[in-house]
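Take a look at the letters that make up each chain.
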Amino acid sequence: MRHCPLAAVALGCLLCFSAIGGAQARKEAKGKTLTEVLAASEPSDWRTLDQNNTMYLDFAAGRVIIELAPGYAPQHVANIRTLLRQHYFDGLSILRVHDNYVVQWGDPDAGEKDKAKPFGEAKRSVPGEFSQAIAGQPFVRLPDGDVYAPQVGWSGGFPVARDPKQGQTWLAHCYGMVGVGRDNAADSGSGAELYVVLGHAPRHLDRNVTLVGRVVQGMELLAALPRGSGALGFYEKPEQRIPLKQVRLGSELPEAQRSRIELLRTDTPTFTALVETRRNRHDEWYLTQAGKVELCNVPLPSRQP
């Protein structure tokens, strides 16, 4: 799959359409709404989920679908795949719902050696993957600035930040992103304890936590969960925890049990036009146009064909 810069091409970007093409897409988007841009999209503007990088989390409220990002956290994603194939998460619980922050699940007995669920072939410790080298990573740049990084944009459908001087790029803590819980040590995470960003983007966590993917469907189910009353939003009583029925890798499920989802590609003029609709909103309700947009305020649309 090809990925395109929005304007000038920086080191490590894959050129898909010229800066002139990006400017033309922005020009054509002026006056259009998000709905109009999506309605005019072509089939080639969309991509299907790779089932080997898709995690299905089923609990009483329904199904949450997560797209994994092996390009940014290859060791953690590999370990999560091992855990999923061993059905490690089945029967574990959502342990923490911290208002305007995160929802987190894992083994409630992880801290007790005699009770903790076995890891089987999975690793208990994986080196932190907080950033990756820019070289070889696709990048579509947001034309507006950012507080936390010299550049921000999208890479393969994920919101990312990067520093060309350091030659590093990393996934950004936007709403719906999935991270790996850890202790103080950088290598203390494994993927056995995961969280989803639930509130305003906590970008201060960037490069301090390994991000492994994002929710592409089901955020409304997580957002509706009762908040924990304990410290950091943990549920204080075992009966408050929310059991996970089944958590599977898409490639392990029969085809009939998979969800058909297409995601809007971020390397197309259509996505460039979409960004413009968020920078300058032409819906009748808006009286003033911002002229800018933050990385985490740009939606990454999905649909079911």
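This text goes with the structure placed above it.
Residues numbered from 1 in each chain as written. Predicted model: local features only at pLDDT ≥ 70, side-chain atom pairs only at ≥ 80, totals over all residues. Heavy atoms only, no water.

1. With respect to the overall build of the protein
Next up, step 1: Within the protein, the secondary structure is distributed over five helices and 16 strands.
Next up, step 2: The globule rule puts the C-alpha radius of gyration for 305 residues at 19 Å, and the 20 Å found for the protein is close to it.
Next up, step 3: Its C-alpha atoms put the protein at 60 × 40 × 40 Å along the principal axes.
Next up, step 4: Considering the protein as a whole, with its 305 residues, one finds that 51% of them fall into the buried category. (Helix = DSSP H or I, 4+ residues; strand = E, 2+ residues; numbered from the N terminus. Rg over C-alpha atoms; globule rule 2.2 N^0.38 Å. Buried < 20%, exposed > 50% of the residue type's maximum accessible area, 1.4 Å probe, protein only.)

2. Describing helix 3 (residues 74-85)
Next up, step 1: The terminal C-alpha atoms of helix 3 lie 17 Å apart, and with twelve residues this matches the ideal 16 Å at 1.5 Å per residue to within 8%.
Next up, step 2: Along helix 3, the positions that sit buried rather than exposed are His76, Val77, Asn79, Ile80, Arg81, Leu83 and Leu84.
Next up, step 3: Contacts made by the buried residues of helix 3 are with strand 2 (54-59), strand 3 (62-68), strand 11 (177-180), strand 12 (194-197), strand 13 (211-217) and strand 14 (242-249).
Next up, step 4: Backbone geometry just after helix 3 places His87 at a positive phi near 60°. (Expected span 1.5 Å × (residues − 1). Contact = heavy atoms within 4.5 Å.)

3. Examining the pairing of strand 11
Next up, step 1: Both faces of strand 11 are covered, namely the face carrying Met177 and Gly179 and the face carrying Val178 and Val180.
Next up, step 2: Where strand 11 lies against strand 13, three bridges are found, and the strand directions are antiparallel. Bridging from a neighbouring strand, Val178 pairs with Gly213 of strand 13.
Next up, step 3: Relative to strand 12, strand 11 runs antiparallel, the two being bridged by three bridges. (Pairing = 2+ DSSP bridges.)

That is the geometry; function is a separate question.
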